[in-house]
Amino acid sequence: MQPMKIKSFFFTIVFFIISFITLSQPYSKRWEAVDKKPVPQWFADAKFGIFIHWGLYSVPAFSPVGPDGYSEWYWMNLTNPTRPNFAATIQFHKKVYGDSFQYTDFAPLFKAEFYDPKAWASLIKKSGAKYIVPTSKHHDGFCLWPSAEASKAYGRPWNAVEVGPKRDVLGELAVAARNEGLIFGIYYSLYEWYNPLWLSNKNQYVIEHMHQQFKDVVTRYQPSLIFSDGEWDMNDSAWHSAELLIWLFYESSVKDNVVVDDRWGKNTRGKHGSYYTSEYGAGMQPGVLWEESRGMGMSYGYNRTEKLSDYKTARELLIILCDIVSRGGNLLLDIGSAADGTIPVIMEERLLQMGEWLQRNGEAIYGTKYYTKPCQWSEGLIPKSDTKNYMSDYDINKLIQPSSERANIQAFFTQKGAALYCIIPITDVTSFILRDLNLGAGSVVKIIGNEKPLNWKQNGKNVIVELPANCSTKVLYELAVLKIIRAA
């Protein structure tokens, strides 16, 4: 046997021994091995990523607008009478596609004829996002890469290479994203609503289908992030999640750079994973590594029923980002692409606008850390936090608005090295008071984008900063960033 082959054989034996020892330990010990895996620094530094929901559900692109208005749930909404949007979806489907048209019939209509992964990656790079997380497979089981397991399970072509686009759309995007310097991740659903194995034998589904498919997509595209989902029907032990993550973190080709979320069983959120997740909510308190995901509107998948008023403005999205980063979190902002492969123009505009602001002010976002407090409140009643959410009935774009009934947020804080950043949702003011801050003589305060130092003075426990005339008209999206360098 040649020396290289002996070395390879030796390492293979070592891996088998490590795996055997690990898997022979009590189940809790397996999670210990997963949880102690260091989280790569890139995730904490990135702060801003783009989610992409794209699949067969992008053909009908329909859901009533509202809290349950996730268009990617079209198949379930079409078939499950307990779903709140069942009646509306049935009515729409019969009207547009007819009684005999099945969800599986959308596969050849998902053509992606205008899909240009290079253009997608270029746009996302311009948005200022640092990582990208497209759906590899949602709950309908349809795969955006040539998954043999998918077509075998459904007894029909059930991936984008065999039907519809007839392209490896996931693989093409992975290449394009990395060429733009973006970190590539994937969304992967553990369960599939109508997979025959899932419906008949869940354990067999997990071992023979899900695990094999997961290892295939990871090995092919080597994602640096895996957003697992669809875990809520079973505990982690039924999913054999710890075993799968042992493979990911200690044996796979991405073991040194990958991060995973906390969705690996109905009992794992907020307990296991590289980072914790929230969606369309308030996010989390500082002190844990977390990520909030949401769409620009009220759906992840593209929803044609949403109007302009249902979309957040660029300013609102930037305020959401600043709020999340001030609490040590990341924002995973979703875009829902159309079935033809185009990104809706309104989403493109929002991304470019956010990128414009981040190009100038990104130093207050990327690579920053939590300051001693995330924000400054005005005088008044501060809404209470609870154990599950950062605050109840949380809407940051309302909380920055002055109110006679409660306090409002006046500024967000981040820090990096010697710099303290104060992000102000600016209004027509000529000065700004930073409370409970002591600056020594020689400290410098500037507005990012303007190198001229601002006049400031210490007034007891507060610092009063003089702002330039018509400041709100001179900063992008009326969102100014003060950079404070304290004297040594």
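Scroll up a little and you will see the structure.
**Topic: the overall build of the protein chain**
Working step 1: Looking only at helices and strands, the protein chain has 15 helices and 16 strands in total.
Working step 2: Computed over C-alpha atoms, the radius of gyration of the protein chain comes to 24 Å, within 12% of the 23 Å expected from 2.2 N^0.38 for 488 residues, which places it in the range of a compact globule.
Working step 3: Expressed as a percentage of its 488 residues, the buried residues of the protein chain come to 55%.
Working step 4: Looking at the protein chain alone, contacts between residues at least 24 apart form 72% of all its contacts between residues at least 6 apart.
Working step 5: Surface exposure of the protein chain reaches about 21,300 Å², of which carbon and sulfur atoms provide 54%.
Working step 6: Within the protein chain, one finds 52 positive and 50 negative side-chain charges whose respective centroids are separated by 4 Å.

**Things to note about the packing of aromatic side chains**
Working step 1: Applying the stated rule across the entire model yields 40 aromatic pairs.
Working step 2: With 6.0 Å between their ring centres and 50 degrees between their planes, F43 and Y131 make a pair best called tilted. Residue F43 is found in helix 3 (residues 41-46), and its partner Y131 is found in strand 2 (residues 131-137); the two are separated by 88 residues along the sequence.
Working step 3: Taking the relative accessible area as the measure of exposure, Y131 reaches 1% and is therefore buried.
Working step 4: For the cation-ring pair, K37 lies above Y250, with the distance from its terminal atom to the ring centre recorded as 4.9 Å.
Working step 5: Over the ring of W198 we find K202; its NZ or CZ atom is 4.5 Å from the centre of that ring.

**Some remarks on the pattern of salt bridges**
Working step 1: Enumeration over the complete set of coordinates arrives at 13 salt bridges.
Working step 2: Two residues, E32 and K29, come together in a salt bridge whose shortest N-O distance is 3.8 Å. Linking E32 with K29, this pair stays in helix 2 (residues 27-35), spanning three residues, or about one helical turn.
Working step 3: R220 is the salt-bridge partner of D216, the closest N and O atoms lying 2.9 Å from each other. Of the two residues, D216 and R220 are both situated in helix 10 (residues 202-221); the distance of four residues between them amounts to about one turn of the helix.
Working step 4: Looking at R220, the relative accessible area reads 43%, which means it is partly exposed.

**Description of the packing of helix 10 against helix 12 (residues 241-250)**
Working step 1: Contact geometry of helix 10 with helix 12 gives a least axis separation of 11 Å together with a crossing angle of 20 degrees. Judged by the angle between their axes, helix 10 and helix 12 are roughly parallel. By crossing handedness, the relation of helix 10 to helix 12 is classed as right-handed. Contacts from M210, H211, F214, K215, V218 and T219 in helix 10 reach L244, W247 and L248 in helix 12.
Working step 2: Partitioning the contact of helix 10 with helix 12 into residue classes produces six nonpolar, two polar and one charged.

**Notes on the sheet that holds strand 10 (residues 409-416)**
Working step 1: The strand order across the open sheet built from five strands is 9-10-11-16-13, with neighbouring strands paired in antiparallel fashion. Every interior strand has two partners, whereas the edge strands, strand 9 (375-377) and strand 13 (444-447), have only one. Adjacent strand axes in the sheet meet at a mean angle of 25 degrees, parallel and antiparallel pairs treated alike.
Working step 2: As judged from the five bridges shared by strand 10 and strand 11 (residues 419-425), these two strands associate in the antiparallel manner.

**Comments concerning the packing of helix 6 (residues 117-126) against helix 8 (residues 169-179)**
Packed helix pairs are characterised by how far apart their axes lie and by the angle those axes make with each other.
Working step 1: For the pair helix 6 and helix 8, interaxial distance at closest approach is 8 Å and the crossing angle is 45 degrees. The orientation of helix 6 relative to helix 8 falls into the category oblique. Crossing handedness for the pair helix 6 and helix 8: right-handed. Contacts between helix 6 and helix 8 involve P117, K118, W120 and A121 on the former and, on the latter, E172, L173, A176 and A177.
Working step 2: Split by residue class, the contact of helix 6 with helix 8 holds six nonpolar, no polar and two charged.

What counts, and where the lines are drawn
Residues numbered from 1 in each chain as written. Predicted model: local features only at pLDDT ≥ 70, side-chain atom pairs only at ≥ 80, totals over all residues. Heavy atoms only, no water. Helix = DSSP H or I, 4+ residues; strand = E, 2+ residues; numbered from the N terminus. Rg over C-alpha atoms; globule rule 2.2 N^0.38 Å. Buried < 20%, exposed > 50% of the residue type's maximum accessible area, 1.4 Å probe, protein only. Contact = heavy atoms within 4.5 Å. Areas by Shrake-Rupley, 256 points an atom, 1.4 Å probe, with all protein chains shown as cover. Lys, Arg positive; Asp, Glu negative; His and termini not counted. Charge placed at Lys NZ, Arg CZ, Asp CG, Glu CD. Phe/Tyr/Trp six-rings, centres within 6.5 Å; stacked < 30°, edge-to-face > 60°. Lys NZ or Arg CZ within 6 Å of the ring centre and 35° of its normal. Salt bridge = Lys/Arg side-chain N within 4 Å of Asp/Glu carboxyl O. Axes fitted to C-alpha atoms, helices over the stretch in contact; angles between N-to-C directions. Parallel < 35°, antiparallel > 145°, perpendicular 65-115°, else oblique. Left-handed = near helix turned anticlockwise from the far one by under 90°. Nonpolar A, V, L, I, M, F, W, Y, C, P; charged D, E, K, R; others polar. Pairing = 2+ DSSP bridges.

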